[in-house]
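Descriptive structure summary
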Amino acid sequence: MLNRFTRRFALLMSAALMFTGPAHAQEQKIRISHGHGLLYLPLMVMRDQGLIEKQAKAMGLGQAQVSWVVLDGGNVINDAMLAGNLDVAGIGAPGFLTLWSKARGIPRSEVIGLSALSSSALWLNTTNPAIKSVKDIGPKDKIAIPGIKTSLSAVVLQMVAAKTFGVEQYDKLDANTVSLAHPEAMNALLTGKTEINAHLTSPPFSYMELQNPKVHRVFDSTEVLGNITLDVVFASKRFVDERPKLVAAFLAAQEEANALIAKDRKAAAQIYLRVSSAKLSLDEVEKMLADPSMTFSTTPVSVMDYAVFMSKAGTIKTKPGKWTDLFVPNLHTKQGS
């Protein structure tokens, strides 16, 4: 009888191991995306230095399997998240708000913010000498942005238009926009071989374009909107609920990356050049990182400004009551939006 019990117990334990084994292995996997620009530097540092793997080991999770992909534009990133091809992504705050609102209350589609990512200035650069302000933009002028209507650049342009022409005309310049990733948009602007003669972009592309004497800056977004959070990190809510320890490892890795950037600007610049393959000198990247508007923090700043505007504009149907509705609880004690 004891032998029968022993054999049965062994079979049950074997079945349990077969059931829990894959789930445990699955918990160590995380798929992340970041964009091309300098605003994604913390994620690039995490990628280059293996910081998620390091933090996962320190938390007793074993060897984390981290995969990375480069995606640009809120629409593209959101589609990948909804399709189940991403767990975590860096994105412009408006793109995150769009999906947060759209997927609210849909269990397998819901998303939640993990942290802020970066703040800086977006510049509208142009090769048209007649454009001195947004009021000078005519019907034939074409402005490249990563995604129509919901990308960071698209919403910032709408917010600037609202302040310039009045709230009711927030979409006055939408017809002038063309969807194109920042690297391709910069190339189009500088070569002059397409209809694009303006580009609303972030570092390093904004700086690189101004090196061409034919290009001038029309506006700096911080002059109009202040130095608010531009990019955030968000995740599938299902992923956050099922893998809280891996999420904790991710957030610890992000804090470590931010500390490295603050402590060693040269090392951070080297990592950016290594991961992005940008055609810049080390000195150029260091100077960009020294810009007072360029900050990397997990604390959201004025994210509700986007939410209020997008709600009034009708681009999101569900408006968060407060900024803490958008982010994981561990951020709620921080002084954010």
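Model, not experiment: these values are computed from the prediction. (Residues numbered from 1 in each chain as written. Predicted model: local features only at pLDDT ≥ 70, side-chain atom pairs only at ≥ 80, totals over all residues. Heavy atoms only, no water.)

Right, let's get into unusual backbone geometry. Trans peptide bonds make up most of the peptide bonds, and negative phi angles are found at most residues other than glycine. Of the consecutive residues Pro 203 and Pro 204, the connecting peptide bond is found in the cis state with omega at 5°. As for its placement among the helices and strands, Pro 204 is situated in the loop between β8 (196-201) and α8 (205-210). Look at Ser 277: it is not a glycine, yet its phi comes out positive at around 60°. By secondary structure assignment, the location of Ser 277 is in the loop between α12 (265-276) and α13 (282-289). Judged by relative accessible area, Ser 277 falls into the exposed class, the value being 56%. Unlike most non-glycine residues, Ser 302 shows phi in positive territory, near 60°. By the element assignment, Ser 302 lies in the loop between α13 and α14 (303-313). (Helix = DSSP H or I, 4+ residues; strand = E, 2+ residues; numbered from the N terminus. Buried < 20%, exposed > 50% of the residue type's maximum accessible area, 1.4 Å probe, protein only.)

Looking now at helix α7 (residues 182-191). Listing the buried residues of α7 in full gives His 182, Ala 185, Met 186, Ala 188 and Leu 189. One side of α7 holds all its buried residues, which, seen down the axis, span an arc of 165°. Buried residues in α7 make contact with β5 (123-126), β6 (142-145), α6 (152-165), β8 and α8. Downstream of α7 by one or two residues, Gly 192 has phi in the positive range, about 70°. (Arc of directions from axis to C-beta. Contact = heavy atoms within 4.5 Å.)

Under the defined criterion, the tally for this structure stands at 3 cavities of 30 Å³ or more. By volume, the largest cavity amounts to about 190 Å³. Taken together, 19 residues line the largest cavity, and the ones lying closest to its centre are Tyr 40, Asp 72, Pro 146, Leu 152 and His 182. At the level of secondary structure, the elements contributing two or more residues to the lining of the largest cavity comprise β3 (88-92) and α6. Split into classes, the residues belonging to the lining of the largest cavity amount to 6 nonpolar, 11 polar and 2 charged. (1 Å grid on protein atoms, 1.4 Å probe; cavity = no way out; pocket = protein on both sides within 12 Å on 5 of 7 lines; lining within 4 Å. Points joined across faces, edges and corners; volume = space filled by probe spheres on them. Nonpolar A, V, L, I, M, F, W, Y, C, P; charged D, E, K, R; others polar.)

It is worth spelling out the sheet that holds strand β4 (residues 111-118) at this point. Reading across from one edge, β2-β1-β3-β10-β4 is the order of the 5 strands in this open sheet, with mixed pairing throughout. Only two strands of the sheet have a single neighbouring strand rather than two, namely β2 (65-70) and β4. The average undirected angle you get between the axes of adjacent strands in this sheet is 25°. Across 2 bridges, strand β1 (residues 29-34) lies against β3 in parallel orientation. Pairing of Ser 33 across the sheet is with Ala 89, part of β3. Where helix α4 (residues 74-82) meets the sheet, it contacts β1, β3, β4 and β10 (231-236), and its direction lies at approximately 155° from that of β3. (Pairing = 2+ DSSP bridges. Axes fitted to C-alpha atoms, helices over the stretch in contact; angles between N-to-C directions.)

An order of β7-β6-β8-β5-β9 is seen for the 5 strands of this open sheet, with the pairing classed as mixed. Each end of this open sheet is capped by a strand with a single partner; those strands are β7 (177-179) and β9 (216-220). Adjacent strand axes in the sheet meet at a mean angle of 30°, parallel and antiparallel pairs treated alike. Against the sheet, α7 contacts β5, β6 and β8, and its axis sits at roughly 145° relative to β8.

Don't take any of this as a statement about function, it's just geometry.
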